[in-house]
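Listed here are the chains, written in short residue letters.
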Amino acid sequence: MSSPASSPRTPRIPTIDLRPWVSGDKAARAGIAGTVDRALQTAGFLLVTGHGVDPSLRARVREAARAFFVLPAGTKERYAARVGGRGWLGPGAEANGYSEGTQTPPDLKESLTFATHEPFEDPETNAEWYAPNVWPAETPGLQELCEEYLARMGELENHLLALLGEALGLEPDFFTKHMAHPTYGFNINWYPGTEVVGEPQEGQFRIGPHTDFGTVTILDRQAGKGGLQVFTDEGGWEDAPFDPEAFTINIGDLMARWTGDRWRSGRHRVLPPPADAPAEELMSLVYFGECTPGTLVESVPAPIGRVAHEPVDSHVYLREKLDSITVG
């Protein structure tokens, strides 16, 4: 979101063109897999182009969502949801820094949040992980746009997960076979300026420092001064590179655990509205890849994996993480 940038050195967060991955020869695919493996060991982030998602679809989702976010608070309140639910997360609902044990002020954002649109056969799974998505009546075009966008995200996620399997030297369905009925999440995050959120408190962010919780996150973001920063051991906090054509990809805690900590869960934050551009407004479309409930996540053994974590139920793990960031 911040600086477009890249120095001449090999970037910690490289840009991967997916077209040679999908249709290239064996050597090209092996080169891409190696680049992905190295990047996920260092920062846990990638940029991907050649994904085939229409940029105008991304723009139309934003336009429809913004029409909701600028509605009066009383109207939006009718769609209020808890973290992990479906609907509107208003100001003060989340503090993502809590997931790291950091007591930060609430995040300076609002979100519309959606998830899997098909119920599960198991009643207990259904009770915890399924509810109908809530589509605001005031923005009638939003549902169709989001459903089209989510279909594209599902396709892209499968390409990425196959790439990740091969980047580890494993079979391409190592991850995808666990995605038959995922509980994916989708947040549209609105980051308004200080005229809406007020002056940031000390230690307050649009999103506080955290790692994501699931498998892969697919982020469509906008350039801005109060934008995305990524943490690496080598560079500390740095503005994430930005390419308007690209999606920003990072892996979450569950995927890092699955790889035996070979790959790192990408730590990141979103800066508050900048003092020299207090009216800056940004919007991010965030697809959180998850797997089918009940998936047993076991660390890939050495020499690929580096730490043998205890096996976990994917969704017991995810629920604990979601509960950790809920304010109040």
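Please read these numbers as outputs of a predicted model, since none were measured by experiment.

Quick notes on the rules
- Residues numbered from 1 in each chain as written.
- Predicted model: local features only at pLDDT ≥ 70, side-chain atom pairs only at ≥ 80, totals over all residues.
- Heavy atoms only, no water.
- Helix = DSSP H or I, 4+ residues; strand = E, 2+ residues; numbered from the N terminus.
- Rg over C-alpha atoms; globule rule 2.2 N^0.38 Å.
- Buried < 20%, exposed > 50% of the residue type's maximum accessible area, 1.4 Å probe, protein only.
- Contact = heavy atoms within 4.5 Å.
- Lys, Arg positive; Asp, Glu negative; His and termini not counted.
- Charge placed at Lys NZ, Arg CZ, Asp CG, Glu CD.
- Polar contact = N/O pair within 3.5 Å; in protein donor to acceptor, adjacent residues only side chain to side chain.
- Expected span 1.5 Å × (residues − 1).
- Pairing = 2+ DSSP bridges.
- 1 Å grid on protein atoms, 1.4 Å probe; cavity = no way out; pocket = protein on both sides within 12 Å on 5 of 7 lines; lining within 4 Å.
- Points joined across faces, edges and corners; volume = space filled by probe spheres on them.
- Nonpolar A, V, L, I, M, F, W, Y, C, P; charged D, E, K, R; others polar.
- Salt bridge = Lys/Arg side-chain N within 4 Å of Asp/Glu carboxyl O.
- Phe/Tyr/Trp six-rings, centres within 6.5 Å; stacked < 30°, edge-to-face > 60°.

**Brief notes about the overall build of the protein chain**
Working step 1: Per the secondary structure count, the protein chain includes 10 helices and 14 strands.
Working step 2: In terms of C-alpha radius of gyration, the protein chain reaches 19 Å, essentially the compact-globule figure of 20 Å for 328 residues.
Working step 3: Each principal axis of the C-alpha atoms in the protein chain carries an extent, and together these give about 55 × 55 × 40 Å.
Working step 4: Across the 328 residues that make up the protein chain, the buried fraction comes to 54%.
Working step 5: Partitioning the intrachain contacts of the protein chain with sequence separation of at least 6 by distance along the chain shows that 78% fall at a separation of at least 24.
Working step 6: With 28 positive and 46 negative side-chain charges, the protein chain shows a separation of 4 Å between the mean positions of the two kinds.

**A look at helix H10 (residues 314–324)**
Working step 1: Of all the positions in H10, only Ser314, His315, Tyr317, Leu318, Arg319 and Leu322 are classed as buried.
Working step 2: Contact partners of the buried residues in H10: helix H5 (123–129), helix H9 (253–258), strand E13 (296–297) and strand E14 (312–313).
Working step 3: The N-cap residue of H10 is aspartate 313: its side-chain oxygen and the backbone nitrogen of histidine 315 are 2.9 Å apart.

**Structural notes on helix H6 (residues 142–167)**
Working step 1: Between its terminal C-alpha atoms H6 stretches 36 Å, which fits the 38 Å expected from 26 residues at 1.5 Å a residue.
Working step 2: Looking one or two places after H6, you find glycine 169, whose phi comes out positive at around 80°.

**As for the pairing of strand E8 (residues 228–232)**
Working step 1: Of all the 5 residues making up E8, 4 are buried; the element is thus mostly covered by neighbouring parts of the structure.
Working step 2: Sheet analysis places E8 next to strand E9 (residues 236–239), joined by 4 bridges and oriented antiparallel. Within the sheet, the bridge partner assigned to glutamine 229 lies in E9 and is aspartate 239.
Working step 3: Counting the residues between successive antiparallel strands, the hairpin from E8 to E9 contains 3 residues.

**Quick word on the layout of surface pockets**
It is the rolling of a water-molecule-sized probe over the atoms that shows where space remains empty.
Working step 1: Of the voids in this model, the largest pocket is the one considered here, and its volume is about 680 Å³.
Working step 2: For the lining of the largest pocket, the elements supplying multiple residues, two or more each, are strand E4 (110–115), H5, strand E5 (185–191), strand E6 (207–210), strand E7 (216–220), strand E11 (268–270), strand E12 (282–288) and H10.
Working step 3: For the lining of the largest pocket, the leading source of residues is E5, giving 5 residues.
Working step 4: A class-by-class count of the residues in the lining of the largest pocket yields 23 nonpolar, 17 polar and 8 charged.
Working step 5: Lining the second largest pocket are 18 residues; nearest its centre among them are His117, Gly154, Pro182, Tyr184 and Tyr287.
Working step 6: Broken down by element, the lining of the second largest pocket gets its largest block of residues, 7 residues, from H6.
Working step 7: Residues belonging to the lining of the second largest pocket are distributed by class as follows: 8 nonpolar, 6 polar and 4 charged.

**Focus on the pattern of salt bridges**
Working step 1: Per the counting criterion, the structure on display carries 15 salt bridges.
Working step 2: A salt bridge links arginine 262 to aspartate 37; its shortest N-O distance comes to 2.8 Å. Here arginine 262 is found in the loop between H9 and E11, whereas its partner aspartate 37 is found in helix H2 (residues 26–42), with 225 residues between them in sequence. Neither residue differs from the other here; arginine 262 and aspartate 37 are each classed as buried.
Working step 3: One salt bridge connects arginine 78 with glutamate 138, and the closest N-O pair in it is separated by 2.8 Å. Taken as a pair, arginine 78 in the loop between helix H4 (73–77) and strand E3 (87–89) and glutamate 138 in the loop between H5 and H6 lie far apart in primary sequence, 60 residues in all.
Working step 4: In this structure, a network of salt bridges that share partners links the residues Arg58, Arg62 and Asp220.

**Some details on the packing of aromatic side chains**
Where two aromatic rings form a pair, the distance of their centres and the angle of their planes describe that pair.
Working step 1: Summed over all chains, the structure comprises 10 aromatic pairs.
Working step 2: Look at phenylalanine 68 and phenylalanine 69: their rings are 5.9 Å apart centre to centre, the planes differ by 70°, and that puts the pair in the edge-to-face class. Per residue, the accessibility class of phenylalanine 68 equals that of phenylalanine 69, and both read buried.
Working step 3: Arranged with centres 5.3 Å apart and planes meeting at 65°, the rings of phenylalanine 231 and tryptophan 237 form a pair that is edge-to-face.
Working step 4: Residue tryptophan 237 is classed as partly exposed on the basis of its relative accessible area of 24%.

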